[in-house]
Amino acid sequence: MLSRRALLTGSLALVFTPATVALAQTQAEWSQNYEAVSRTRVQRTSTPMLSAESLAATEQMIEYYRNISARGGWMPVQGVQGLRVGSKSPAVMALRQRLIITGDLDQNAGESPIYDSYVEAAVRRFQARHGISSTGTVSAPTVAAMNVPVDIRIRQLEINVSRLRSLVSGGLPNRYAVANIPAALVETVEGGMVHTRHAAGVGKSDRQSPLLNSKIVEVNFNPFWTAPASVVKKDLIPKMQKEPNYLAENKIRIFNGAGQEIPSSQVNWFSDEATRYRFRQDPGGDLNSMGFVRINIPNQHGVYMHDTPSKGIFGDDFRFVSSGCIRIQNVRDYIEWLLKDTPGWSREQIDATFKSGERIDARLATAVPIHWIYMTAWATPDGLVQFRDDIYNKDGLGNAIPVASRTPTEPDEEMFLQN
């Protein structure tokens, strides 16, 4: 397995216009600067992933890639892993040609064997639009993504065009939110433009986040967390077998069918007894599995969106970490947008409620449509095209496209560049 992926947000996008690449406003998430509001805003002219405009642009990108295929596509690159600025190798010339073909590098960049700053910038662009940390150094995931044949990329675009058509065929409301699971990315959309973008933590491959269309109806501040049956069986029981103090240290209480709290010492952890009890974690944003807030979405799967005490995941390439729910980066900005038409919930009130630790529920004055979708390729009208790992193997292309490993690379700001 290879190591890669991108943010909750993520991506830089490629612009197929003469010698230009649009680098848009950055947004990042660092564990030591989690509430960096200024970095969560994106340009109001940004086109949503889920939109008629994105559909049309992706259809056009199919033709662009078909033209590349008609010209012979691209040759696999070899011997480039680990190359960085200052490196000299004949393999750099082949790398230049690969980057030129897809527009990541200007065609006038020459044929030098030196890995110069132009090549580094082009590698960063390629990495960012494929959801790889934009280090500018050629990593194994970068090589793997470069060596996916053009015909496979065309097929990926065709598959996602079909998805987009079905999603936008009935029209979209003026105001909605969308979570793209393979991109681990959430957008809020209003008036046909992206309002905010948020990195996300989504379901593991064996505990997938479902596809759904629903509405966000309520925000729970400082919530309790009740462990789903799957978590009790797969996580809590094995933990308690190895660490008998785990529940106490994480403020998780056990309740029987009568609602009475029982001590963990009374449970036989080497049997299925624990599956008959309810496990509830006390509120507290620094420890509770939902962080400071839960966002309720009525659905048959029992999933929802929430904050997390593990802020550092949003800087990882690989953010397929949950048991099906979706964790939101910069959640205060997200709920500020959700509650903006709900009286009494200004940003100041939201911040005060976080700080107080008080259990409060805020019912949205108007429910907001939410779509959890699965798109591994999409484009925007300015020529930006992005690809993501088929983490749940829904594209049906098997091993033709490599999937990220669970070993993240060191993140940097550029991997969070926006359309």
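For the structure, see preceding data.
Below or above, wherever it landed, is the structure these notes cover. (Residues numbered from 1 in each chain as written. Predicted model: local features only at pLDDT ≥ 70, side-chain atom pairs only at ≥ 80, totals over all residues. Heavy atoms only, no water.)

1. Here's the deal with the sheet that holds strand β8 (residues 261–262)
Note the threshold: A strand pair is defined by DSSP finding two or more bridges across the two strands. Numbering of helices and strands runs from the N terminus; a helix is a DSSP stretch of H or I covering at least four residues, while a strand is a stretch of E covering at least two.
Reading across the sheet, the four strands line up as β6-β9-β7-β8 and stay open at both edges, with antiparallel pairing between neighbours. What marks the edges here is a single partner per strand, and that holds for β6 (225–226) and β8. Judged from the two bridges that link them, strand β7 (residues 252–255) and β8 form a sheet pairing that is antiparallel. Residue pairing in the sheet places I254 in a bridge with I262 of β8.

2. Remarks on the pattern of salt bridges
Note the cut-off: Take a side-chain nitrogen of Lys or Arg and a carboxyl oxygen of Asp or Glu: if they are within 4 Å of each other, that pair is a salt bridge. The buried label applies to any residue whose accessible area, calculated with a 1.4 Å probe on protein chains only, is under 20% of its type's maximum; exposed applies above 50%, and partly exposed to all values in between.
Counted according to the given criterion, the structure contains 20 salt bridges. A salt bridge links R165 to E59, with the nearest nitrogen and oxygen atoms 3.0 Å apart. Of the two residues, R165 sits in helix α5 (residues 150–168) while E59 sits in helix α1 (residues 52–70), which places them 106 residues apart along the sequence. Of the charged contacts in the structure, one is a salt bridge between D361 and R359, with a shortest N-O distance of 3.0 Å. For D361, a relative accessible area of 40% gives the class partly exposed. Several salt bridges converge on common partners, so that one network encompasses R332, D333, E336, R347 and D351.

3. Description of the environment of D235
Here is the rule: Between N or O atoms, a polar contact is any pair within 3.5 Å; within protein, one atom must be a potential hydrogen donor and the other a potential acceptor, and residues adjacent in sequence are included only when both atoms are from side chains.
For D235, the location among the structural elements is in helix α6 (residues 229–242). Reaching out from D235, the side chain makes a polar contact with the side chain of R207 at a distance of 2.7 Å.

4. Quick look at the packing of aromatic side chains
Quick note on the threshold: Ring pairs are drawn from Phe, Tyr and Trp, using the six-membered ring of Trp, whenever the two centres fall within 6.5 Å, and their geometry is named by plane angle: stacked under 30 degrees, edge-to-face over 60, tilted for the rest. Think of it as a cone above the ring: NZ of Lys or CZ of Arg counts as a charge over the ring if it is within 6 Å of the ring centre and within 35 degrees of the ring normal.
Counted under the stated rule, the structure contains eight aromatic pairs. Note on F221 and F354: the rings are 5.9 Å apart at their centroids and 75° apart in plane angle, and the pair reads as edge-to-face. Here the residue F221 occupies a position in strand β5 (residues 212–221), and F354 occupies one in helix α9 (residues 347–356), the gap between them amounting to 133 residues. Taken as a pair, F221 and F354 share a single burial class, namely buried. Pairing W269 with F279 gives two aromatic rings, centres 6.1 Å apart and planes at 55°, and the pair type is tilted. Of this pair, W269 sits in the loop between β8 and β9 (278–281) while F279 sits in strand β9, and the two are 10 residues apart along the sequence. Above the face of the W74 ring, R98 is positioned so that its terminal group lies 3.9 Å from the ring centre. Above the plane of the ring of F387 lies R153, whose end atom (NZ or CZ) is 4.6 Å from the centre.

5. Focus: unusual backbone geometry
The phi dihedral of A184 is positive, around 50°, even though this residue is not glycine. Along the chain, A184 falls in the loop between β2 (175–180) and β3 (185–190). Phi is positive for N330, close to 50°, though the residue is something other than glycine. Following the sequence through the fold, N330 ends up in the loop between β13 (326–328) and α8 (331–338).

6. Section: the packing of helix α2 (residues 91–101) against helix α3 (residues 117–129)
As a reminder, the rule being used: Only the stretch in contact is used when a helix axis is fitted, and all axes are lines through C-alpha atoms; the angle between N-to-C directions ranges over 0 to 180 degrees. Should an angle fall under 35 degrees it is taken as roughly parallel, and over 145 as roughly antiparallel, whereas 65 to 115 is taken as roughly perpendicular and any remaining angle as oblique. Definitions for this section: a left-handed crossing has its near helix turned counterclockwise from the far helix by less than a right angle. A right-handed crossing has that turn clockwise. Only heavy atoms matter for contacts: two residues are in contact if any of them lie within 4.5 Å across the pair. Residue polarity is assigned by list, with Asp, Glu, Lys and Arg as charged and Ala, Val, Leu, Ile, Met, Phe, Trp, Tyr, Cys and Pro as nonpolar; anything else, Gly included, falls into the polar class.
Two numbers describe how α2 lies on α3: the axes approach to 10 Å, and their chain directions differ by 50°. Here α3 runs oblique to α2, going by the angle between their axes. Viewed along their axes, α2 and α3 form a crossing whose handedness is left-handed. Contacts between α2 and α3 involve L95, R96, R98 and L99 from the former and V119, A122, V123 and F126 from the latter. Classifying every residue of the contact of α2 with α3 by side-chain character gives six nonpolar, no polar and two charged.

7. Describing the environment of P343
Along the chain, the position of P343 falls in the loop between α8 and α9. The exposure class assigned to P343 is exposed, which follows from its relative accessible area of 71%. As a C-alpha pair, P343 and L364 span 21 residues in sequence and 9.1 Å in three-dimensional space.

8. Structural notes on the pairing of β5
Across the 10 residues of β5, eight count as buried, placing the element largely inside the fold. Bridging between β5 and strand β14 (residues 360–373) involves nine bridges; their strand directions are antiparallel. Residue pairing in the sheet places V219 in a bridge with A362 of β14. Sheet topology note: the β5/strand β10 (residues 293–296) ladder contains four bridges and is antiparallel. In the sheet register, V219 faces β10, and the bridge partner there is I295.

9. Thoughts on the nonpolar core
This is how it is decided: What makes a nonpolar core is a set of buried Ala, Val, Leu, Ile, Met, Phe, Trp, Tyr and Cys residues whose side-chain atoms join them at distances within 4.5 Å.
Counting 53 residues, the largest nonpolar core has F221, F279, M305, Y334, I335, L338 and W372 as the members making the most contacts within it. L50, L55, A57 and V168 belong to the second largest nonpolar core, which has 27 residues in total.

Don't take any of this as a statement about function, it's just geometry.
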